[in-house]
Amino acid sequence: MTPAPRPPHRTSDLHAVLSIEALRKRYRLEGAMVLDGLELQLQAGEFIAIMGESGAGKSTLLNIIAGLDRPDSGRVLLDGTDVGALDDDASTRLRRAHIGFIFQAFHVLPYLTVLQNVALPLELLALERSQREPRALQWLERCGIAALAQRYPRELSGGELQRIAIARALVHEPALVLADEPTGNLDAATAAQILALLRQQVHASGASAILITHSLAAAHSADRIWQLQAGRLEPLAS
Amino acid sequence: MNAWRGAWVAWRVLSLAQWREQPLRVLTTVLAISLGVALGAAVYLINTASLMQFDQATRRLLGDADIIVRGPVSGFDESVFVTLAQDRDVSVASPVLELDLALAQADHPTLKVVALDPLRALALQPQLALPLGADITALFAHDAIVLSRAAASALGLQRSGVLSVVVDGTVRSLRVIDVLPADAYPQALGIMDIGAAQWSLARLGKLNRVDLRLRPGVDPDSVRARLGLALPAGVFALTPQIERGRAASVTRAYRVNLDVLALVALLTGAFLIFSTQWLSVLRRRVALGLLRALGVTRHELRLALLAESAASGLAGSVLGVLLGTGTALLMLRYLGADLGSPQYAALGAALRVHAVPLLCFLLIGTGAACAGGALPALQAARRAPALALKAGDAEQDLSRLRTTLPGLALSALGALLAWLPPTGGLPIAGYLSIAALLFGSVLLVPAVTRRALAAIPASGRLIFDTALAQLRGSPASVSVSLSSIIVSFSLMVAMAIMVHSFRASFELWLTKLLPSDLQLRLGEGDDSAALTASMQARIGAVPGVARVEFRRLRPILLQAGRAPVTLIARDMAGQRAADALPLLREAPPPAGAPLPPAWISEAVQDLYGLRPGQLLELPLDGRISRFFIAGIWRDYVRSAGAIVIRRQDYLSSTGDASANYASIWRQPDSSESAIEAQIRAALGVGAALEIISSPELRERSLMAFDRAFVITYALEAVAVLIGLLGVSVAAS
């Protein structure tokens, strides 16, 4: 099924895309409480950054939001759906339709062309080739890499790979984009370009986004910045 | 979106990755499966061609009979025929004498002859009797014989030719009055009139088969049971199906062994699929994690990975079926259908390809590949995608597998299964034991690997220690690679050890059984030729002969559905059984009334469930003679079983003083060739008499052994190839 296109972000129609209530999670091996009653409200079209030290639980939080990991207690509501209450198949289908991922290591499949990589989420949503390729091309154009459509990832630079990842994360117009250290493997100049592109395209698509980062400079591209500390989110700046 | 769509996308992405990144691995696994399937298909097709040819021949011999009454080759009194023919439920009865006739012709020791009543045979065996021609009275002449086309061409005879046969120590001539058309009977056969054969072949008053057609509406099973009760000992009323199945039953163990060897090759291919998929899943864990993160469900991923194995299996199976069919075609055309076993020598067997069995081979090959890929697929689908996307998780899921206890349990089970008796005459438990031991060993590899790696001390050399650390850090991957090598190599080594130790044992066995200087044989079995008492005396009187031991071999039927057992009555005067036979076990004589001893071969023990010390009842010349089982001996030659008794006991049970084998010891100053020449001159039976030195017979026997194992060697070569492929997969 094709997801309905989202209108551009307008502050007047804000509602909570993501709502996290009293989230708790303890690391199984170490036994440490990594998330301890964490609360978060993310409005539609809002772009926030979460900072924190290594091991603070940033990636764990992202995985729980995406349904890739389960909390010990608490609730994660994505567009009103309790992600934790879904079985694995249902949370996978939710992820397929409503979440876009951007990873630090890009995770672009090396044996698919750039176009095929970007079209992959649409293929999983069962769009016909005649529909998915023009849409993937459109997103490659928005990310400034349309000329690379038929190239293979091994021929591309880190910045170009992350542009592909951004296009892939947004091509199916998800409600929520989760970006885990998307500039961690890039030089400062390229990182700035990528963050600008990410912000611009997230806002253009009407999606909400959570950016996980160590870098304050990167975090400043977000609308609000939160600090993950002692298992809870504290506002750092807006 | 249904699961197939997601699985299709995942399969396309993953297969593309597999093919791009490891084309050699993919090709290797496809080739391994194809070799296993090719072996199975080729063995099956050749077996089928051979058995169908035998079946066709047997159907023509048996014709439309409802019941076959069969006795020992030496025959039963023809009054049995009269009784049967007069039975209220019998419509037609046809007397038959079926013999392997000794020929006085070099290179062709025997010819199968069926002697029947042509007029009755027209009703019961029309396919055999009709081609005899309009005037069948010519067949009534005492020396007339009709040959099948195969027999005529093998013997180099035509119509009006003369066939020299050996009967009771003398050479007699039979006139070839006709040659049947090639399609009348596919194998070598001679046909005679029953009366003429009884006269000419010294079987007056004797039959060994009666074919019966029953009146309409009569239940054959109840008649068969009723008739069976009134028959003499050693004579059975059989269904035509049992008769037709005899050729198949004689070669069944050999065929099953070949099938199992092919199956083992296929299983090795499946294990290669397992190790390839396992390692490949490890290598592609990031791609798998990404697909899960992007929305491929566990079920879809599992399906995709299974489909990947199935695709390799299907490609390998298609290739294997084509290869197997081609191999069978070439072997049937250029090497015959015997697969190294003389019992299989079906003349003119042709390839018959049917779609269903070949489809089964496609399914078996694909199924084996899917079975090999199932565990890696399950593991990959179970793996948490968040972990898979991180570096360094490769070992976590693998190390969770607890394999030591199952490995020990399987090994113990394998050791127990090895002691179980055969099932239906086949060593099914033995095959399962090998499988259990093999997989048990494989499951123990991770524990052994971990301990072995932990025991290796650091060397202080950077490269070595880094490599060691790398191996210690990935014990599961190392175990999978090692297992692949173990399975591949154990197959090679096991087959090599089996064949070579079997050959060495066979050689020792021959030495034990052939202690004399010369071996003499007159005809195979006892059908027409035998050494009479006077001939035996003449052999003993030949100058230079120090000692002679005579043996009488004859097939006897112990059970209706089984192949005949070979009875060996041998001179054992002054010898201990342990000196004369390769004994495995002995039993003391039972208390009470003394019974003569009999020593049964292992095959008789297994097939008939007999044990040392038990009573053994043998049907000899229509009467039951009682023996006690004095021991078990090893016989590598007669898979249907053999029983040794003392010749004096045989003589007192049957009155038959003839023999057909002899072992001859010469005096120190005599020559073998001179003794041979004098024996030939003294007996005057031409080429029907075979005399050979014991070393030469041992040599010939070993050559026959090697020939019988040609197919096994071929299978071993393929196993070596698959093993090497396995090593290359594991090492790449």
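Residues numbered from 1 in each chain as written. Chains lettered and ligands numbered in written order. Predicted model: local features only at pLDDT ≥ 70, side-chain atom pairs only at ≥ 80, totals over all residues. Heavy atoms only, no water.

With respect to helix α4 (residues 129-142) of chain A
Next, step 1: If you check α4(A), its first and last C-alpha atoms are 20 Å apart, about what 14 residues at 1.5 Å a residue would give, namely 20 Å.
Next, step 2: Taken residue by residue, α4(A) has R132(A), R135(A), A136(A), W139(A) and L140(A) as its buried positions. One side of α4(A) carries all its buried residues, which in axial view fall inside an arc of 145°. Away from its buried face, by an angle of more than 90 degrees, α4(A) presents the exposed residues S130(A) and E141(A).
Next, step 3: Here the buried face of α4(A) lies against α3 (114-124), α5 (158-170) and α6 (188-205) of chain A together with α1 (3-21) of chain B.
Next, step 4: Phi turns positive one or two residues past the end of α4(A), at G144(A), with a value near 75°. (Helix = DSSP H or I, 4+ residues; strand = E, 2+ residues; numbered from the N terminus. Expected span 1.5 Å × (residues − 1). Buried < 20%, exposed > 50% of the residue type's maximum accessible area, 1.4 Å probe, protein only. Arc of directions from axis to C-beta. Contact = heavy atoms within 4.5 Å.)

Considerations on the pairing of strand β1 (residues 67-70) of chain B
All names here are of chain B.
Next, step 1: Of the two faces of β1, the one holding I67 and V69 and the one holding I68 and R70 are both buried throughout.
Next, step 2: Across four bridges, β1 lies against strand β10 (residues 209-214) in antiparallel orientation. Following the sheet pairing, I67 is matched in β10 by L212. (Pairing = 2+ DSSP bridges.)

Observations regarding a nonpolar patch on the surface
Next, step 1: Residues L119(B), L122(B), L130(B) and F140(B) make up a contiguous nonpolar surface patch of about 380 Å² in total accessible area.
Next, step 2: Among the secondary structure elements, L122(B) is positioned in helix α4 (residues 118-124). (Patch = residues over 30% accessible without salt bridge, like charges linked within 9 Å, V, L, I, M, F, W, Y side chains within 5 Å. Areas by Shrake-Rupley, 256 points an atom, 1.4 Å probe, with all protein chains shown as cover. Salt bridge = Lys/Arg side-chain N within 4 Å of Asp/Glu carboxyl O.)

Examining the pairing of strand β8 (residues 190-193) of chain B
Residue and element names in this part refer to chain B.
Next, step 1: Side chains G190 and M192 project from β8 onto one buried face, and the interleaved I191 and D193 project onto a second face that is buried too.
Next, step 2: Across two bridges, the pairing between strand β5 (residues 144-147) and β8 is antiparallel. Looking across to β8, one finds that L147 is bridged to G190.

Side note on the confidence of the model for chain A
Parts of the model with low pLDDT should not have their predicted coordinates read in detail.
Next, step 1: Predicted confidence across chain A gives a mean pLDDT of 87, with 92% of residues reaching 70 or more.
Next, step 2: In this model, residues 1-13 of chain A is a region of pLDDT below 50 whose contacts with residues beyond four sequence positions or in other chains number 21 contacts. (pLDDT = per-residue confidence, 0-100.)

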